[in-house]
Every structure is written in C-alpha cells, then in structure tokens.
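Given next are the chains, with one letter for each unit.
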Amino acid sequence: MGRILLCLGKYAKIPYFMKRAYVNVYSAEELCYCLMKNAYFADEEIMDDRLPDWLEEECGLPELAGQLRQKKDAGAAVSECAGMILDYVGYGERGEIEEAKKGLEKETGLSVYEKRKARADYLAENKKYALALKAYESLLGELPEGEKGLQAKILHNQGVVYAGLFQFRNAAGSFLQAFECTGGESSYISYLAAARMYMDETEYANFTSGREQGYEHSLKVEKRLEEALEAFETTEESRMLFTLKVCKEEGNSVSYYEEIERITDELKEQYRQMLGE
C-alpha cells in the first residue's frame, strides 16, 4: 500500500498559474511537486509576488506566505525560498526534499540561456511542441556567438520536437545544424534517421552513399529502427492493432471501422494539443 499524503491547507478554487511550466497548481503539494521536478523555473515562480498572496488567500496558509515574504524581502536566494516551502509543506520523503534543495541550489549557477533551454526542454518533454518550438527559436535568435555547445543542444532538441510533429524534413535540418556546430555523432545519426523518414528507399540510398561514413552511420540508423520496432511490438498499441487486423480479416468490418475512427479521432486530438498554445 502506498504512503498516504496529508494535504496542508486547502484546495484552491483559483489555481496558481506557473508560467514557465505552463501548468495550473491547486495546492501547496502540487506546487512542491513542480518545484521538485522542475527546479530550473523556480527563480521566476518563487520570486513572483503573486505566490505568497495565493498561498495565503487560496490555500489558507498565512504562516507560510508570511515566511516567504520575509525571505524575499531579506533578499534570500531563490533556492533558499523554494527550500523553505518544501520543508514547510513536507511533501515527499526527507531524502527527496534534500535532493530537490540541492538541485535548486545547482540551478542557481546556470546561465540565463541554460535556464531558458531547460524550460523549453520541459515544454518539449510534455509534448507542448508549438510552445517549445517558439522557445527554442527565440533562444537561438538571442544566443551569443560563442555558445556553440549550447547552440548544438538547442538545435538537436528542436529537431526532436519537429520529429515528434512528423515534420521530418525540418527535423533533419535542425539535426544537421546541430552537427555542424560541434560535430556530434548523435546529431548526425538523428539527421540520417530524419532523412530516412521522408525519403524513399532509392533517394535515401543515394543520399547516404555519397557521404563520408554515410554507410557506417546508416547501419546504426537501421539498427535503431529495428530496436524501435521490436520495442513497439511489446506495447498495448501493437496488440490492439493486431486485434483490429484480425477483426478485418474475419470480416467484422463494422467493429473494425468503428475502432479505426475512434483511434484516428484520438490521434488527431493529441496532435492538435501538441500544436496548441
């Protein structure tokens, strides 16, 4: 049986919108969860004057709100303010809280560009792809010339987002730019993989054969594709598709087309959410 969590204060009627995480939180525990999982956006969220007011008025925690105001007024570091909230609420085990506090302290040493990348990565990881692309593009436009390593990471992750949207030609372009920044093999293999997805067999064969080490890297791409297929075959989605295939072959066309329509509608909605802002 799992550990029981006792909620502190009350459940808010009006949520606190965490701008960088792009999520609403309704309790002090939800706030702590976000801080523990995504320390990189703690700076703006914790130092926002809205937060102590929300903790007091919506969560019924005037003592916590007062302590946060005092620390902010005294010029305490973001990590110290966030750590105080985690300690007060007591969300998670002691070891988890201490680990989160260390992470918060570590994040204070990141540059503003590294923090912005981390926020964009968070959006990408949560499949808010349109917002992630905007964040990456904005960051790339402002990144100093000497930040080649960080530029490569941003471009690579931008390619991952494009691939998630099935925009493989755009993905290939981002991966290639990332490779050209630092020569990273991972970006080059991802570049070939994206090209593999939008080119036909003959075009792709000619494409790889005309490049230095193209054949060697193309073998790695094929291996990864095989591994991905093997992994997919063990999923619930694969079993569901197999069941549908059997239904069609046995002539149960009504159930087949009804289920296909349902799945298609769900996928369309998921894609719309990825593009939503």
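Residues numbered from 1 in each chain as written. Predicted model: local features only at pLDDT ≥ 70, side-chain atom pairs only at ≥ 80, totals over all residues. Heavy atoms only, no water.

1. Structural notes on the nonpolar core
Ranked by size, the top nonpolar core spans 29 residues in total, and within it Y136, V161, Y191, L192 and F207 carry the most contacts. Among the elements of the structure, α7 (112-125), α8 (129-142), α9 (148-164), α10 (168-182), α11 (185-198) and α12 (201-209) are those that each provide at least two residues to this core. Leave out the neighbours within four places in its chain, and Y191 touches A172, F175, L176, F207 and R211. Counting 28 residues, the second-largest nonpolar core is a separate cluster that includes M18, L51, I85 and L86. (Core = buried A, V, L, I, M, F, W, Y, C linked by side-chain atoms within 4.5 Å. Buried < 20%, exposed > 50% of the residue type's maximum accessible area, 1.4 Å probe, protein only. Helix = DSSP H or I, 4+ residues; strand = E, 2+ residues; numbered from the N terminus. Contact = heavy atoms within 4.5 Å.)

2. With respect to the packing of aromatic side chains
A complete count under the given rule lists 7 aromatic pairs for this structure. Between the aromatic rings of F179 and Y188, the centroid separation amounts to 4.8 Å while the plane-to-plane angle is 50°, which identifies the pairing as tilted. Among the residues examined, Y188 registers a relative accessible area of 7% and is labelled buried. Here the aromatic residues F179, Y188, Y191, Y204 and F207 are joined through ring pairs into a cluster of three or more. Over the ring of Y204 we find R196; its NZ or CZ atom is 5.5 Å from the centre of that ring. (Phe/Tyr/Trp six-rings, centres within 6.5 Å; stacked < 30°, edge-to-face > 60°. Lys NZ or Arg CZ within 6 Å of the ring centre and 35° of its normal.)

3. Focus on a negative patch on the surface
A surface patch of negative charge is lined by E226, E227, E230 and E233. You can see E227 is positioned in helix α13 (residues 214-232). Of the residues examined, E227 reaches a relative accessible area of 43% and is grouped as partly exposed. (Patch = residues over 30% accessible without salt bridge, like charges linked within 9 Å, V, L, I, M, F, W, Y side chains within 5 Å. Areas by Shrake-Rupley, 256 points an atom, 1.4 Å probe, with all protein chains shown as cover. Salt bridge = Lys/Arg side-chain N within 4 Å of Asp/Glu carboxyl O. Lys, Arg positive; Asp, Glu negative; His and termini not counted. Charge placed at Lys NZ, Arg CZ, Asp CG, Glu CD.)

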